[in-house]
Amino acid sequence: MTAEAILHNQVIQKAWEDPSFKERLLADPKAAIKEVLGIILPEHIKVKTVEESSNEFYLVLPPNPTETVRAAAAPKYSW
């Protein structure tokens, strides 16, 4: 299991067990994660928390790997 998956599971478990953490997580996810788990996420990372209901399903599309590789290979300067 990756570090990202472990963090994901820890945050969900804590939100299920602690209603006040869940409220903070929905309002300000980065601050809630820092406060409870002591993890500081970099400024350039954006975190959005949404709560699914029994009749909703959210599908998160990750970045296209071919676009990520292409962007990383692009020159960082121009003449």
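Calculation criteria
Residues numbered from 1 in each chain as written. Predicted model: local features only at pLDDT ≥ 70, side-chain atom pairs only at ≥ 80, totals over all residues. Heavy atoms only, no water. Helix = DSSP H or I, 4+ residues; strand = E, 2+ residues; numbered from the N terminus. Expected span 1.5 Å × (residues − 1). Buried < 20%, exposed > 50% of the residue type's maximum accessible area, 1.4 Å probe, protein only. Arc of directions from axis to C-beta. Contact = heavy atoms within 4.5 Å. Salt bridge = Lys/Arg side-chain N within 4 Å of Asp/Glu carboxyl O.

**With respect to the environment of isoleucine 12**
Right, on to step 1. Relative to the helices and strands, isoleucine 12 is located in helix α1 (residues 3-17).
Right, on to step 2. Separated by ten residues in the primary sequence, isoleucine 12 and lysine 22 place their C-alpha atoms 8.7 Å from one another.

**A short note on α1**
Right, on to step 1. Spanning 15 residues, α1 covers 21 Å between terminal C-alpha atoms, matching the ideal 21 Å at 1.5 Å per step.
Right, on to step 2. When α1 is considered as a whole, its buried residues turn out to be Leu7, Val11 and Ala15. Along the long axis of α1, the arc covered by the buried residues comes to 65 degrees, so they all point the same way. Looking at α1, the residues exposed on the side facing more than 90 degrees away from the buried face are Trp16 and Glu17.
Right, on to step 3. Of the surrounding elements, those touching the buried residues of α1 are α2 (19-27) and α3 (29-37).

**Describing the pattern of salt bridges**
Right, on to step 1. Within this structure, the stated rule accounts for three salt bridges.
Right, on to step 2. Linking aspartate 18 and lysine 14 is a salt bridge whose minimum nitrogen-to-oxygen distance equals 3.4 Å.
Right, on to step 3. Exposure remark for lysine 14: the relative accessible area of 26% places this residue in the partly exposed category.

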